[in-house]
Every structure is written in C-alpha cells, then in structure tokens.
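# Observations on chain architecture
Spelled out from the first residue to the last, the chains are:
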Amino acid sequence: MADFLIQHLKNKAHEHSALEMLVNQWGFDEKLIPKALQTIGNLFPHYSRHDVSHSKQILINIERLLGPVNIGKLTATDTWLLLEAAYWHDIGMVVPQQDIEDALGNTSFRQYIEQIRNNPNHELNRFSQSFDSKDISQCFGGADNPMDAVDKFRQLMAEWFRQQHADRANKIVQAPWESVGISSPRTELIPARLFKLLGRICHMHGLPFKQLLSSTGLPFREAGLAQEDCHPRFIACLLRMGDLLDLDDNRFCPVMQHIAGENRPSISKAHEDKHAGLRHLRVDQERIEITAECETIDGYLETFKWFDWLKQEIQDQMAHWQDIVPRREFGLLPTLGEIAVRLSGNEQILNEGQRPQFGIDAKQAIKLLQGNNLYSTKFACIRELLQNAVDATLLRLWLTHQEERNSDIWKNPISEDVKKILKTGKVEVKFEELTSDANTPDDKSCWKLEIKDNGTGISRDDLGYMLKIGGSQSNTTRQLKINSMPEWMKPSGAFGIGFQSVFLITDVIKLTTKSIFTNEILEVTMHSPTKDKEGLVVLKLLENNISRPYGTSIEIFLLFNKFANSYSMPFGESLVRNFIDLYDPILDKALPLNAAELADKINTFSENSLLPITGKLKPIDKPEFAIGSENFPTEELIDNWRFIDVNEHQVSLKYQPNLGFRQNEAFYRGQPFKQNSLYLPNVAVAINLMSGKAGEWLMANRDQLMKEAEQDFSQLALLALEKLVQDDLETPTLFPDSNAQHKKAVFSLFLESMSYVYGGNWTNLAKKVDGAWLELNTNNITFQELFERESWILGIKGHDDRFPITGCDLVINNDASGSYIKGIIIKEWYKTTGKTVQVIENESNQKDDFNLRYQFAKKPQPLYSNKALAIQLAHRMHLSDSNRRFILGFQDKFEKLYLSESTKLRAGYLFEIYQPTARFVLLPFLFSGTSRRRPSPKVSATPSELDALCKWLQPNLEKLASIEEIRKEYENLIAYIDDEIMTPSLYWEDWKIARGI
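What counts and what doesn't
- Residues numbered from 1 in each chain as written.
- Predicted model: local features only at pLDDT ≥ 70, side-chain atom pairs only at ≥ 80, totals over all residues.
- Heavy atoms only, no water.
- Phe/Tyr/Trp six-rings, centres within 6.5 Å; stacked < 30°, edge-to-face > 60°.
- Helix = DSSP H or I, 4+ residues; strand = E, 2+ residues; numbered from the N terminus.
- Buried < 20%, exposed > 50% of the residue type's maximum accessible area, 1.4 Å probe, protein only.
- UniProt positions renumbered as here; feature names shortened; annotations may be inferred.
- Salt bridge = Lys/Arg side-chain N within 4 Å of Asp/Glu carboxyl O.

### Notes on the packing of aromatic side chains
Evaluated as defined, the whole model comprises 45 aromatic pairs. Ring centres of Phe234 and Phe330 lie 5.3 Å apart, and the angle between their planes is 65 degrees; this geometry places the pair in the edge-to-face category. Taken as a pair, Phe234 in helix α14 (residues 232–244) and Phe330 in the loop between α17 (297–319) and β5 (335–343) lie far apart in primary sequence, 96 residues in all. Of the two residues, Phe234 and Phe330, neither departs from the other in class, the shared state being buried. Relative to Phe927, the ring of Phe886 lies with its centre 5.2 Å away and its plane at 85 degrees, an arrangement referred to as edge-to-face. In this pair, Phe886 sits in strand β25 (residues 886–890) while Phe927 sits in strand β28 (residues 926–928), placing the two residues 41 residues apart along the sequence. Among the residues examined, Phe886 registers a relative accessible area of 0% and is labelled buried. Since its relative accessible area comes to 1%, Phe927 is described here as buried.

### Considering the UniProt feature "domain: HD-CE" (unreviewed entry) in the protein chain
According to UniProt, the positions carrying the feature "domain: HD-CE" (unreviewed entry) are residues 44–315. Helix and strand shares over residues 44–315 are 61% and 7% respectively, and the end C-alpha atoms of the span are 31 Å apart.

### Considering the pattern of salt bridges
Per the counting criterion, the structure on display carries 48 salt bridges. Of the charged contacts in the structure, one is a salt bridge between Arg287 and Glu289, with a shortest N-O distance of 2.5 Å. Note on Arg287: relative accessible area 30%, which makes it partly exposed. For Lys490, the salt bridge identified is with Glu487, shortest N-O distance 3.3 Å. Assessed through its relative accessible area of 27%, Glu487 is described here as partly exposed. When salt bridges that share partners are traced, they join Arg282, Asp284, Glu286, Arg287 and Glu289 into one network.

As structure tokens, this is what we get:
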C-alpha cells in the first residue's frame, strides 16, 4: 500500500482547509475504483493483473523512485493526482456491454478487423475472416466449437479495447457514473478542470513520450487547490515509470489463467514468461537494476522489448528533465544499472533482442524477379502501372458517385447508368521518343512513358505502404473504402511486388500526385533498390494549387534497341505493322519495333478495360499514332459480354455454339491470361473474372492461371455458362427466323456434347432442343438421313495417313470433338429399341492399321468383330506407358465374371464407346508398357496375379461365385482371347511374346 503518499496527502490537508477536499475525494475513490477494476478480468482473463494490486504496486514503485524526502516536497494536488492516476489509468479496460455493442458498429472497429484479416499470421485471422456482427449465421464460422467461439470473441474485443483504453480512461475520469457506473463524486468543491487534467494524465500513459511534451500534451505547471501549484508532466512521467516497473513475478493471477484456459493467446503466454522469469529487481532513488531469465524465445523477445521501452523512457525523461521536474531539489532520476534478459537452457539467440527467422531483402527480391523472368516482358511491368491507374480511378468514381444513384445499379458494370459514370474516368498515356543525349548508348533509343489518371491520388500514408513489399494490403484506411465497393469494381489486389516490379525495366520512377483525402500535392522520385542509390525515395511537398486535378502522373524512361532483335506482331492492324510500313532502310537510322510492340500491348489492355485508355505514341521524325480506345470501349464490345453472379463470384461471359473444339479465352478484369483447364465441346467461350484478388487466380506475373486454381476456374466457368444457357433457352427469340434451323441444330449439338461430357443439368437443357442436331449436314448428308437407314458405317479419321478410312458413310476427325460426336451419335442411336452398334476393323487389313469403324444397324449384331477385338488388344498393348487393366463388354459369355453395376475400379474400357446392352468383365491381363527396364511390352496373367485378382473380384461380382469358379472362368477367358482372338490375327507373334507363352 502507498502509505507514504497517502499520509503525505493527509498531512498537507492540515495546511489549508481547501485541501481537505482532496483527502475526501481520495477517500471515496480509494474504495470505489477497486470495485470497478476487479471486473477487468471478465474481458481480459488472459492479461496480467490490472486490478487494484497493479495500482498499489505503481504507487509503491513511485515511492521507491522519490524516497521519503522528495515525497515530502510534493504539493497536496500533485500527491492527489498521483494517487488518483494510479487507480484510474486502466479504468478504460472496464467495458460495459453497451460499449461492446457500440464498438461492433464502429467504423474504426471495422478497420481493426480488416487489419487482422490482412495479417495471415495473426492468431485471430481465421476467426476474423468470417466475423460479421450483422450476420449471426456466419459470425463465428472461424471457430472450432462454441467454447472456441467465446474465447476468440473475447480475445478480439479485448485487443480492441486494450488499444483504446488510455483514451477511454480520459473520458471515464470526467464522467464516471454516466460511462461505467462508478459513483465517484464530481462537485464544484474540486474544479472540473482538475478532473480533466487527471483524465489527460491517464491518457498520456498510453501515448508516445513526445506527445507528452507537445503543444497538445501536458503543461509543466498548473494551478492546484488553495495556493498550491501542481505539475502534470511530472505526475504523468512518474505514472509511466511506475507502470513500466511493475514487473514482479506475481503479476499474473493463477485463477485467471485457469479461467482463460490453455488456449490463451501466445502474446499472453510470452508476458507470463516475462514476469515469471524475473530474477533480480532493484528500484530506488539511486539505481534501477533488472535481470530476467526466460524459458521461451517469445518470452525473451517480449521481455527484451519491455526493457527497451523502459530504457527509452528513462532516456527521454532524463533528456527533458528540466522541463518535467518541479524543482531542482528533487534531484535526478535513478541511474540505470544492468537491465538484461537471457534465455534459460540450451536455446540461443543469434542477435540480441531479435527473433531468429528468415527475412527478405528488397534488393535481392528485385534481383530474384530478374533472374527468374517472373515478368518476362516489359509490358508485364507496364501493365501493373496501368492497372494501378485504373484501380485508383475506379475508387475515385465510387467515392464520388456511390450516393448519387440507386445502389442496385452498381451490381452490374454494363448497366447504362454505370457505363455513363465509367466513361468519365479516363486514363491517359503518352509514349514519346526522346532525342538521344551523351548518356544514351549508340544502339539504343530512349523513350518516356507517362501514365496519368484522375483517381484518388497518393497520400503520404499511402506512399509509406507502397514502399513496402506487400504493404498495400495493410493500408486499412484505404482498404475500408475499397471494401464498400462492388466486388467487380474493387482493385485486383497486389502480390506485393507489382509496383516495385517496374524497377526491372527502369532505374527511376517519377510521380506527381494530389490526394483527394489530404489535398496535398507530392512530387516523388523513387530509385531502384538494386542500383547505386539503393532504393532512395525523395519526397517533395509542392505548393497547393487548387486548379490542379486530383490523381497521379507517373513517368518512367525506357531504352529499346534501335533495331529489335525479336518482336511479336498481333493479327490485323498493329503499330508494329505501321512502323514497318513507314521504315526506309536507307534514310531511317532506327526501327524501334519493341516500342511499337509495347504500344500494341497497351492497346490490348484497353480493349477490355472498364475505363477508357487514351493517348499518343510519338516517335521522332514519324507521324504520331493513337494509343488505346479514343472512344470508350465500343457498345458492341460491351454488349457482347453478359454479367452474372455465380457462387459469390462475379463474371462476365460470352459464348457462341459452333461445330468444333477449342481452347477458350480467359480474362481477369479484362486482361487475358493463359489457362489449360477449360476446353469445351462445340462452343466458343470467353470468360472474364470480375471478382477475387489476382493472387487467388493467377501466377504473380498475371499471365497464367495458377495450377491450384484450375479446378475452381473450370467449375465457375461451367456454372456461369450453364446459367446463361438456361436463361437463353427461356428466351423466345433465341433462334430468329433467319437461318433458325441451322442455328438451333448447332445449339442442340453443343448441348448434347455438354450433356455427354458433364451430365447433370446439361442433360435437362439438351432435352429442350432434343434431337435438333440431327438436321446438321455433314458430307452432304444429314444425321437424320443416316439414322433412317437400315445400316450404315461411321469411320474415325486416324492420325496415320498411310491407312485412310474406307467404306464409310460418315467420317469424323479423331480428336476430342470427334470423340464427343461419336459418343453422341451412338447414344442417340441406342435410344430406339432394337438398334445396335458393332465395332469393326478397317478395310486395309494391315498390321499397323489400328483404325476402327462402327457399324450401325437396326438388327441384332455382336458388340465387336473378332478382328476389331484383336486390333484393340494389340493397340492397348503397344500404347500402355504404365501398368493398366481394362474392362470389356460381353453378351452371353463368361457370365460368372460379370461385374456388379455398383463396382468402382481403376480400369479403362477397352472400347471407349457407349454399350448399353453389354455386361462388363474385368480382363485378367495386366498391360505393362515399354520402359528402360522393359524394352518390349508385356501382357501378364501369372498364377499369383490371377489368385489375387479372383479374391478381389469375388465381392464385386453381379452373382455370387466361389474362388474356384471365378478362376476357372478366367482360365476359359484367357484361352478364348489367346486361341480364338489373337492366334488367327496379324498380332499373334507380338502377343505371344508379350504374354510370355
């Protein structure tokens, strides 16, 4: 207990009657405040004690620092302020329920949540991802169970109120009853001014030291009660020291630790280790000494950090002691002795006070990008600048117009109202060739690229985040505004290397910017981290000019070969083509096609940009050319796209059924990327991903879909396409009068193909134009006409021109599209009872001809001819590049081997066609292809393999059979294939070798 300070206050009260009011006030507060402080554990059970024991220890520490003589020099008002501040300073951690409810709707609280979401290493990151106080159904989706939800929510709110507690203490001190229900008297007997001063002293214990001495900080001297003065700075500094020195090993309450449970945050456990590790503590007027020995690295680091704060606090107070201490007679602060922490046991620290961990150096990061060709072309880096300009402009348009229109219009980027707004957000590009100077190499031409937008501009705070790799996602003020935007309008995200990637192609970036948030105009020069100035950034504050528009202008300088070593030229009209057409091999000293190539890429960027990109390409001694879309993207281009919401994603999509099979186009927010996962039959599709961060879909250079995202991308594209097709099929004008029959037939084939490949709802959609594809004409005959014949033959054109397909009524290509059409034809044929399909051989009768044909008939026939079966077995024998097994269909043969329809197995169909009348048997052969160890193919069915196969097969059969019966049936099947199928065929000798017989 702070007996000396309390007794001193009572003694001073005898000197003047007015001072008795301070004693009386303290008498109330000494009893009232501890009752409130004991509730802190409700929200902060995982914290060290912040109850009255903490307040008392602070006062004891202050008594130690002052000593009896200096305590006697304190005025009554100073003494009262010390006592009250020690008790009130943590009152901001008393949190009524209403304050929690108010916080949940607070804008700053949402920023706090966003900070945690953007920090994947934060312990509450997963919890925060789904946390939404307005949606109880998902609010606690990031917790594992109800108890975990309670813990995580408590920790989330505790951290928020800890950050606010010093400011809250200031407000509570001035209105204790209204804010938290403490009936501490507030009367005119003690001026409200002194309570406001007390609140500010409490506030200062949570602020940086420099704010204490600032113009908005605390005064050196203030009138107290009676004839006394008080010294707020001095009191605040003593409070800060007493608080920092409450380090003893009894600071944590074991009961509260048990209440908090073993899932206490790691930072709490680090603080526990910090206090438990205390080995020596000396605090008096002469000297401060502290040593600690921690068991964990986190505890060591937290202790080291705390000791650093203490050292810095003492250093700051000593440096300004004459502006703090009331009189010189108080002397100086104690001397700082040994303040040290070490790790116990065998664990070691590499650098004192630093966590042993991997890091990344900005200079090496840029070099890594260069060495790995992450950005393989100059345009990949320029695209980052263009995208930044578009993103900043979209944010500006949103902030300017979001309240002007009905919120529903923002759901669709191609609505008429939104298009009118987007047209106003131009991005301007100026790309001009400069006259060479002494620094320009003889074989190079120098160009200046300027990209100018009317977006939000860049504030000093924004710039600070930009300079850090990955920093933009931590800019919570900006992120909060972005989060209010429609998903399709939000910035595409940052990999943390986007802007800095520009240093791969230039040494200096110059930008001039005016922020709509601060109104400041900044001129910024950035130097490459890998060059001599090592990433230096020069920042100038320009004179405010009200006529200067908001936004950013970026300049970079590029060098190109006067004569390009290589270049690419897009199809159709291009600037590369224009440069070549204007070139005179005698009169022209340069042909900088790489500059024209980059301008062509800018044109490509503009084609599907949400905003108009306009500008000029200005070569020396040549006419200038327009860059980008002089007009906003054409109405035709926009109207072709259809915007759709699918599974919480937003996409634009356009499709056109056709007779073919191709890789489809993919875009991310208008910019093309490569993908190898979406091949759709008989339809051309272009899909534009309008939601999600780039890092969720694309490689870092944004040129290619990530391997991990392929499945999600394909599923999203299929769902979006299905939804549009379903809507279209309900439109009466889908097939207009002009050429309606052909269009309907093509559409029908597309739907049948999707049904064949994907099934599900596509089968239902195909039924809406059922059979229309039969009217398609191929080889001067329609499918319908073929289907009316008693019999006809379908051939598949092979890859080997030596063996043409002959004797066929219809021949289709041997590719994916042909495979699907074959499957659709066969499936449609079997819809009528009595129709059959037999697999037959080609007419060439040559050993290397593995081509097969399909004989359609309106009468019974075998599933396949013996020759066709021999050909397919031989083909599989030679094609297998790994161990494989196959299934073969039978009719009225080997019935004991028929597989149950529910059997699932890793084996392929020997004939990959639809055979609804067949019963399937797993062949006894293991096909092994050629390899280094096996120069020739192998087809085995050894006794041991057969034994194992029989045991596996028994529970998967259609009808119950004994192992002996299964084995006997397999032996008959082997003899049938060896003797009746392969022996008379052209492949017997190869088969005999492969079989080892």
